[in-house]
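Letter by letter, the chains look like this.
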Amino acid sequence: MDTFEELNVKGFIDEPIDPTMDLFEEINKLKKEKNAVILAHYYQEPDIQDIADYIGDSLGLSQEAAKTDADIIVFAGVHFMAETAKILSPDKKVLLPDLKAGCSLSDSCPPQLFAKFKEKYPDHLVITYVNCTAELKALSDIVCTSSNAVQIVESLPKDQKIIFGPDRNLGAWVAKKTGRDLVLWNGACMVHEIFSQQRILKLKQRHPEAKFIAHPECEEVVLQMADYIGSTTGLLKYTINNPANEFIVATESGIIHQMEKANPGKVFIPAPPNNACACNDCPHMKRNTLEKVYLCLKNDLPEITVPMDIIMKAKKPIERMLDISEKLGL
């Protein structure tokens, strides 16, 4: 099997690695040799977060990488995030350790179906959550993040009709916060949809002093219980600034590594999902491993490419969001 066949079948380079090799040391060496930066989303495994140059939410990471003079970006995240990095840094080579690191939310909104959906509402402005494909961004008027979605919607005239996609839970939360009637695409993130209301209530009873914090991609029944709702970065900041010593965290459990590093002595409990697992992991995010990061940097593969016409179209709604955010002082 040649390399490209292997990537199509497995999604990653599968080479034997000397088990005695210090992967941290080798990755740092390759970074210097190749003038590369490593981006790690908050939901990556702790080792990947610890080797990364930048750790954060998807759009923020792409913006940080665009400011650097790196030739190569290794995005330890999922496919749409690497596409966003390519949109903001078209001249840089963008690598994703595992091509099969997809996203259930992004997959829930195929661009060709969304284009048909959009045709039904010709007088509506399209706002899409950044957690979507480059093609979907190219069909949008404005892109938003979970931390600025409310303000983006509020910045538009009250009579402006709006389609919001792809996340119906984030859209419903934004509609509730703004009092606006949004047309929602029926998409969702599997990780944020399977939190168990009953199990969280029991956990809250066992930890009455704990603050319950949740991402707005969670369902309404979960959000109603929350002491704080915010983006992944927002949740992290809340744990730093709030004097509570215990937090029940309703988002992907990878963020707990950064919460523990920033808050020695505080206790973080992953909110229980409605399944047999002890915590809520994204299987796509967890496809990336330190070994795959090393092999991807060593081989310059798998590479993420986005057609230039899509880059040009997808960049406009991102720039519009940044313009609005700047005017609002966000």
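Residues numbered from 1 in each chain as written. Predicted model: local features only at pLDDT ≥ 70, side-chain atom pairs only at ≥ 80, totals over all residues. Heavy atoms only, no water.

A. Molecular detail of the side chain of Glu217. Assignment of secondary structure puts Glu217 in the loop between strand S9 (211-214) and helix H13 (220-223). One buried charged side chain, Glu217, makes no salt bridge at all; its nearest oppositely charged neighbour is Arg168, positioned 11 Å away. There is a polar contact of 3.5 Å between the side chain of Glu217 and the side chain of Asn131. Sequence-distant contacts of Glu217, that is, excluding residues within four places in its chain, are made with Leu105, Tyr129, Asn131, Asp167, Asn169, Leu170, Cys189 and His192. (Helix = DSSP H or I, 4+ residues; strand = E, 2+ residues; numbered from the N terminus. Buried < 20%, exposed > 50% of the residue type's maximum accessible area, 1.4 Å probe, protein only. Lys, Arg positive; Asp, Glu negative; His and termini not counted. Salt bridge = Lys/Arg side-chain N within 4 Å of Asp/Glu carboxyl O. Polar contact = N/O pair within 3.5 Å; in protein donor to acceptor, adjacent residues only side chain to side chain. Contact = heavy atoms within 4.5 Å.)

B. The arrangement of the pairing of S9 in detail. Summarising the sheet, S9 and strand S11 (residues 246-250) pair through four bridges and their orientation is parallel. In the sheet register, Ile213 faces S11, and the bridge partner there is Val249. Bridge analysis of S9 against strand S10 (residues 228-229) gives two bridges, and the strand direction is parallel. Within S10, the residue paired with Ala214 across the bridge is Ile229. (Pairing = 2+ DSSP bridges.)

C. Highlighting the layout of surface pockets. Empty space within the largest pocket amounts to approximately 790 Å³. Around the largest pocket, the lining is made up of 44 residues, and of these Asp57, Ser58, Leu59, Gly60 and Thr145 lie nearest the centre. Counting residues per element, the ones that place at least two in the lining of the largest pocket are strand S2 (54-56), helix H4 (58-67), helix H5 (79-88), helix H11 (190-193), helix H14 (232-241) and helix H17 (308-328). At six residues, H4 tops the list of elements feeding residues into the lining of the largest pocket. Here the residues of the lining of the largest pocket are counted per class, giving 18 nonpolar, 21 polar and five charged. (1 Å grid on protein atoms, 1.4 Å probe; cavity = no way out; pocket = protein on both sides within 12 Å on 5 of 7 lines; lining within 4 Å. Points joined across faces, edges and corners; volume = space filled by probe spheres on them. Nonpolar A, V, L, I, M, F, W, Y, C, P; charged D, E, K, R; others polar.)

D. Focus on the environment of Ala226. The residue Ala226 is located in the loop between H13 and S10 in this model. For Ala226 and Gly56, which are 170 residues apart along the polypeptide, the C-alpha to C-alpha distance reads 22 Å. Apart from the residues within four sequence positions on either side, Ala226 is in contact with Phe212 and Ala214.

E. Molecular detail of the packing of H4 against H5. Relative orientation of the contacting elements H4 and H5 amounts to 35°, with a least axis distance of 9 Å. For the crossing formed where H4 meets H5, the hand is right-handed. Facing Ser58, Leu59, Ser62, Gln63 and Ala66 of H4, the residues of H5 in contact are Phe80, Met81, Thr84, Ala85 and Leu88. (Axes fitted to C-alpha atoms, helices over the stretch in contact; angles between N-to-C directions. Left-handed = near helix turned anticlockwise from the far one by under 90°.)

F. Looking closely at unusual backbone geometry. For the bond from Gly165 to Pro166, the omega torsion is -5°, close enough to zero to count as cis. Following the sequence through the fold, Pro166 ends up in the loop between strand S7 (162-165) and helix H10 (168-178). A cis amide bond links Leu301 with the next residue in sequence, Pro302, at an omega value of -5°. Here Pro302 lies in the loop between helix H16 (290-299) and strand S13 (303-304). Positive phi is not limited to glycine here, since Asn35 has a value of about 50°. Along the polypeptide, Asn35 turns up in the loop between helix H2 (23-34) and strand S1 (36-41). The backbone of Asp300 shows a phi angle near 60°, a positive value even though the residue is not glycine.

G. The arrangement of the sheet that holds strand S6 (residues 142-144) in detail. Strand order in the open sheet made by the four strands is S6-S5-S7-S8, with parallel pairing throughout. Unpaired on one side and paired on the other, S6 and strand S8 (182-184) mark the two borders of the sheet. Put simply, the sheet's adjacent strands are angled 30° from each other on average, direction ignored. Sheet topology places S7 next to S8; three bridges connect them, and they run parallel. Within S8, the position partnered with Ile163 by the bridge is Val183. Where H10 meets the sheet, its contacts fall on strand S5 (125-129), S7 and S8, and the angle it forms with S8 comes to roughly 170°. The strands that H17 touches are S5 and S6; relative to S6, the one it contacts most, it runs at about 65°.

H. Just the side chain of His215, in detail. Within the secondary structure layout, His215 lies in the loop between S9 and H13. His215 has contacts with Tyr43, Tyr129, Ser146, His192, Leu223, Ile229, Gly230, Ser231, Thr232, Leu235, Ala250 and Thr251, leaving out every residue within four places of it along the chain.

Note that all results are geometric; they support no functional claim without further evidence.
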